[in-house]
Amino acid sequence: MAVFGTVLLWARAPFAAKNFYAEDGSRFYHDAITIDFVDSLRKPMAGYYHLVPRVIGSVTALGPVSTAALVNYLLVVMVVAWISSTIYVSSVTTLKRPSARLVLAMGITLLPIVGFESIANSTNLHFLLLCGSSVVLLGRQKTVWRRANDVVLIVVTGLSTPLLISLAPIAGMRIWHH
């Protein structure tokens, strides 16, 4: 599924592997090469922290500038694959048919994009993290590893966007029922 998602993402936004998009280059990569990693994590932008994009920018900055956009893109693809895989696995308690779970998991890669606005960049990953977190909050995982993955996804989402608060009703409903 991850390979299919990677090919699909590249087919939707082939320019993303060659160019930085918005804050990916001007903020996250720039901060990674001008200040140290810990300081970049403590530096809010627009009033909140961007854990995932800042980590991606810092890892991207470890390589040569000539490959920076490609490395950034590949790291974004890995995060998108993680989110898609988590959605597929976590939705097993609510969607019994594998085909329905696959459509839901691939849905984040099939989101409409307009012009250069791309889903293949770290700047917009917080929306995909929210999608994954909402599915995680609706599902019930039976293994320790799946529960651990779900907790990590929700924590990472919370450290990447304040919009996680919008999922409070789903979290409250889950607590109420369990």
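Everything numeric here is computed off the predicted structure, so don't read it as measured data.

J.: What is the right way to read the overall build of the protein chain from this model?
T.: When its secondary structure is counted, the protein chain shows 9 helices and 0 strands. On C-alpha atoms alone, the protein chain measures out to a radius of gyration of 16 Å, which is about the 16 Å that the 2.2 N^0.38 rule sets for 178 residues. Viewed in the frame of its principal axes, the protein chain has a C-alpha envelope of about 50 × 35 × 30 Å. Across the 178 residues that make up the protein chain, the buried fraction comes to 40%. Taking as baseline every contact in the protein chain between residues at least 6 positions apart, the subset at least 24 positions apart corresponds to 71%. On the protein chain, roughly 9500 Å² of surface is accessible, and the fraction owed to carbon and sulfur atoms is 72%. Put simply, the protein chain has 14 plus and 7 minus side-chain charges, and the middle of one group is 18 Å from the middle of the other.

J.: Where do I start with the packing of helix α7 (residues 125–138) against helix α9 (residues 168–177) in this structure?
T.: The packing of two helices is summarised by the inter-axis angle and the distance between the axes. Where α7 meets α9, the axes come as close as 9 Å, and the angle between the chain directions of the two elements is 15 degrees. Between α7 and α9, the interaxial angle falls into the category roughly parallel. For the element pair α7 and α9, the recorded crossing hand is left-handed. Together, Ser134, Val136, Leu137 and Leu138 of α7 and Ile170, Ala171, Met173 and Arg174 of α9 make up the contact between the two elements. Looking at side-chain class alone, the contact of α7 with α9 contains 6 nonpolar, 1 polar and 1 charged residues.

J.: I tried to follow the packing of helix α5 (residues 68–90) against α7 on my own but got confused; where do I start?
T.: Put simply, α5 and α7 touch, their axes get as near as 9 Å, and they point 20 degrees apart. It follows from the interaxial angle that α5 and α7 lie roughly parallel. For α5 against α7, the interelement crossing comes out left-handed. Residue-level contacts link Val76, Val79, Val80, Trp82, Ile83, Thr86, Ile87 and Ser90 of α5 to Leu125, Leu128, Leu129, Cys131, Gly132, Val135 and Val136 of α7.

J.: Explain the pattern of salt bridges here, please?
T.: For side chains of opposite charge, pairing can occur when their charged atoms come near one another. The full count for this structure, using the stated rule, is 3 salt bridges. Between lysine 43 and aspartate 31 there is a salt bridge, with the nearest N and O atoms lying 3.3 Å from each other. Note that lysine 43 is positioned in the loop between α3 (37–42) and α4 (51–60) and aspartate 31 in helix α2 (residues 23–34), a separation of 12 residues in sequence. Residue class for lysine 43 comes out partly exposed when judged on its relative accessible area of 36%. A salt bridge links aspartate 39 to arginine 42; the shortest N-O distance between them is 2.4 Å. You can see aspartate 39 and its partner arginine 42 sitting in helix α3, 3 residues apart, about one turn around the helix. Classification of aspartate 39 by relative accessible area gives partly exposed; the value is 32%. Assessed through its relative accessible area of 52%, arginine 42 is described here as exposed. When salt bridges that share partners are traced, they join Asp31, Lys43 and Arg54 into one network.

J.: Looking at this structure, how should I read the packing of aromatic side chains?
T.: The relative placement of two aromatic rings is captured by the distance of their centres and the angle of their planes. Taken as a whole and judged by the stated rule, the model has 1 aromatic pair. Both rings, one in phenylalanine 20 and one in tyrosine 29, keep their centres 5.1 Å apart while their planes meet at 35 degrees; by these two values the pair is tilted. For phenylalanine 20, a relative accessible area of 27% puts it in the partly exposed group. With a relative accessible area of 8%, tyrosine 29 lands in the buried category.

J.: When you look at the confidence of the model for the protein chain in this model, what are you seeing that I'm missing?
T.: Predicted coordinates in regions of low pLDDT should not be interpreted in detail. Averaged over the protein chain, the pLDDT score is 88; the fraction of residues at 70 or greater is 94%. Mean pLDDT in the protein chain bottoms out at helix α1 (residues 2–12), which sits at 72, and peaks at α4, which reaches 95.

J.: Explanation requested: the nonpolar core in the structure shown.
T.: If you look at the biggest cluster of nonpolar residues, it comprises 25 residues, and the most contacted ones within it are Leu9, Val52, Ile56, Tyr73, Val80, Ile83 and Leu125. Those elements giving two or more residues to this core turn out to be α4, α5, α7 and α8 (144–160). When residues no more than four places from it in sequence are discounted, the contact partners of valine 52 are Val79, Leu125, Leu129, Val156 and Ser160.

Calculation rules
- Sequence order sets the numbering: in each chain, residues are counted from 1 along the sequence as written.
- It should be noted that, the model being predicted, local features are given only for residues of pLDDT at least 70 and side-chain atom pairs only at 80 or more, the latter also being counted only at that level, while totals for whole chains, interfaces and linings use all residues.
- Note that water and hydrogens are dropped before the side-chain values are worked out from all heavy atoms of the structure.
- Every helix listed is a DSSP run of H or I at least four residues long, and every strand listed is a run of E at least two residues long, numbered separately from the N terminus.
- In this description the radius of gyration comes from C-alpha coordinates, and the expected globular size is given by 2.2 Å times residues to the power 0.38.
- Exposure classes here rest on a 1.4 Å probe applied to the protein chains alone. A residue is buried below 20% of its type maximum, exposed above 50%, and partly exposed in between.
- The contact rule is simple, with two residues in contact once any of their heavy atoms fall within 4.5 Å.
- Computed with the Shrake-Rupley method and a 1.4 Å probe, the accessible areas treat only the protein chains shown as cover for residues.
- Counted as positive: Lys and Arg. Counted as negative: Asp and Glu. His and the chain ends are not counted at all.
- For the purpose of locating charges, the reference atoms are NZ of Lys, CZ of Arg, CG of Asp and CD of Glu.
- Structural elements are reduced to axes, namely lines fitted to C-alpha atoms, with helices fitted over the stretch in contact, and the angle between N-to-C directions of any two is expressed from 0 to 180 degrees.
- Note that the term roughly parallel is reserved for angles under 35 degrees, roughly antiparallel for angles over 145, roughly perpendicular for angles of 65 to 115, and oblique for everything else.
- When the near helix sits turned anticlockwise from the far one by under a right angle, the crossing is termed left-handed; a clockwise turn instead gives a right-handed crossing.
- Each residue gets one of three labels, nonpolar for Ala, Val, Leu, Ile, Met, Phe, Trp, Tyr, Cys and Pro, charged for Asp, Glu, Lys and Arg, and polar for the others, Gly among them.
- Salt bridges, as used here, are contacts in which a Lys or Arg side-chain nitrogen is within 4 Å of a carboxyl oxygen on Asp or Glu.
- Each Phe, Tyr or Trp ring (for Trp, its six-membered ring) is paired with any other whose centre lies within 6.5 Å, and the angle between the two planes then decides the class: stacked below 30 degrees, edge-to-face above 60, tilted in between.
- Summary of the metric used: pLDDT quantifies the predictor's per-residue confidence within the range 0 to 100.
- To define a nonpolar core, start from buried Ala, Val, Leu, Ile, Met, Phe, Trp, Tyr and Cys residues and group those joined through side-chain atoms within 4.5 Å.

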